[in-house]
Amino acid sequence: ANFGTALRHLGEYKEALNQCQQATIDNPDYPDSWNALGQVQRELRDYLGAIESFSRAISERKGFIEAYANLAGTYFKLGDINQATKTYDQVIQIAPNFAEGYAGMGTVFMAAGEFRDSVRYLRKAVEIRPSFGEAWAGLVTALGRDVTDNDIAKIEQLAKDPSTPNIDVINLNFAMGE
């Protein structure tokens, strides 16, 4: 499963799929293998397969927050806004301090054109994890011209902070571009 995950990060999806499938065969009760398989399937746009894999991961480990979040994100990619919302709500109920759950819900609401709710969830995400660049980028998009000077100053400060992770700096810079 770990090798498959590494291959997925390298863009070697076919071999990643093979490794993750083998991991689920070798140990079908290991939830991380199912979660890793679901992530590869989602990359390959096999959304129904990914939903099955994430669901299996959750059945093997109750409260497996990453698998729940991956499941919610897959429903969103599939275009099932209703199921994505329900699943992100489960994520937030299980892990109320999991910033990614709030960011995901904010993204779903933004896609549905419900900007007030989107802003509320994205603000909660950056409240929990202030340097969360992806959430800031979504928040700026949802706010549009209503982005505040304080928001801009905070984004600039975080982007310049050497302790901010690189992926967050990239997304903070996207937020500044927006």
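It should be emphasised that the depicted structure is a prediction, and the values quoted were computed from it without experimental measurement.

Trainee: Would you mind showing me how to read helix H4 (residues 47-60) here?
Mentor: Because each turn of an α-helix spans 3.6 residues, side chains separated by three or four positions end up pointing in the same direction. A rise of 1.5 Å per residue sets the reference length of H4, with its 14 residues, at 20 Å; its end C-alpha atoms lie 20 Å apart and thus fit the reference within 8%. The set of residues buried in H4 consists of Tyr47, Gly49, Ala50, Ile51, Ser53, Phe54, Ala57 and Ile58. Along its buried surface, H4 packs onto helix H3 (31-43) and helix H5 (65-78).

Trainee: Where do I start with the nonpolar core in this structure?
Mentor: Counting residues in each nonpolar core, the largest one holds 52 residues, and the members touching the most others are Val91, Leu122, Ala125, Ala135, Trp136 and Leu139. With residues up to four places along the chain from it excluded, the contact list for Leu122 reads Tyr102, Ala103, Gly106, Met110, Ala135, Gly138, Leu139 and Ala142.

Trainee: What is the right way to read the packing of helix H10 (residues 149-160) against helix H11 (residues 166-177) from this model?
Mentor: For any two helices packed against each other, the geometry comes down to the angle between their axes and how far apart the axes lie. One can describe the packing of H10 onto H11 by two numbers: an axis separation of 9 Å at closest approach and a directional angle of 145 degrees. Judged by the sense of rotation from one axis to the other, the crossing of H10 with H11 is left-handed. Here Ile152, Ile155, Glu156, Leu158 and Ala159 of H10 lie close against H11, whose contacting residues are Val169, Leu172, Asn173, Ala175 and Met176. Grouping the amino acids of the contact of H10 with H11 by side-chain chemistry returns 8 nonpolar, 1 polar and 1 charged.

Trainee: Sorry if this is basic, but what is going on with the pattern of salt bridges here?
Mentor: A side chain with one charge may pair with a side chain of the opposite charge, provided their charged atoms come close. With the rule as written, the count across this model stands at 7 salt bridges. Taking the shortest distance from any N to any O, the salt bridge between Arg56 and Glu60 comes out at 3.0 Å. In this pair, Arg56 and Glu60 both sit in helix H4, 4 residues apart, roughly one turn of the helix. On the basis of relative accessible area, Arg56 is assigned to the partly exposed category, the value being 29%. On the accessibility criterion, Glu60 (29% relative accessible area) is partly exposed. Linking Asp117 and Arg120 is a salt bridge whose minimum nitrogen-to-oxygen distance equals 3.0 Å. With Asp117 and Arg120 both in helix H8 (residues 115-128) and 3 residues apart, this pair spans about one turn of that helix. A residue is classified by how much of its surface remains accessible, and Asp117, at 22% relative accessible area, is partly exposed. Look at Arg120 and you get partly exposed, because its relative accessible area is 47%.

Trainee: Is there a simple way to explain the side chain of Ser33 in this structure?
Mentor: Examined against the element boundaries, Ser33 turns out to sit in helix H3. By relative accessible area, Ser33 is classed as buried at 2%. Residues within four places of Ser33 in sequence aside, it is in contact with Ala1, Ala23 and Thr24.

What counts as what
Residues numbered from 1 in each chain as written. Predicted model: local features only at pLDDT ≥ 70, side-chain atom pairs only at ≥ 80, totals over all residues. Heavy atoms only, no water. Helix = DSSP H or I, 4+ residues; strand = E, 2+ residues; numbered from the N terminus. Expected span 1.5 Å × (residues − 1). Buried < 20%, exposed > 50% of the residue type's maximum accessible area, 1.4 Å probe, protein only. Contact = heavy atoms within 4.5 Å. Core = buried A, V, L, I, M, F, W, Y, C linked by side-chain atoms within 4.5 Å. Axes fitted to C-alpha atoms, helices over the stretch in contact; angles between N-to-C directions. Left-handed = near helix turned anticlockwise from the far one by under 90°. Nonpolar A, V, L, I, M, F, W, Y, C, P; charged D, E, K, R; others polar. Salt bridge = Lys/Arg side-chain N within 4 Å of Asp/Glu carboxyl O.

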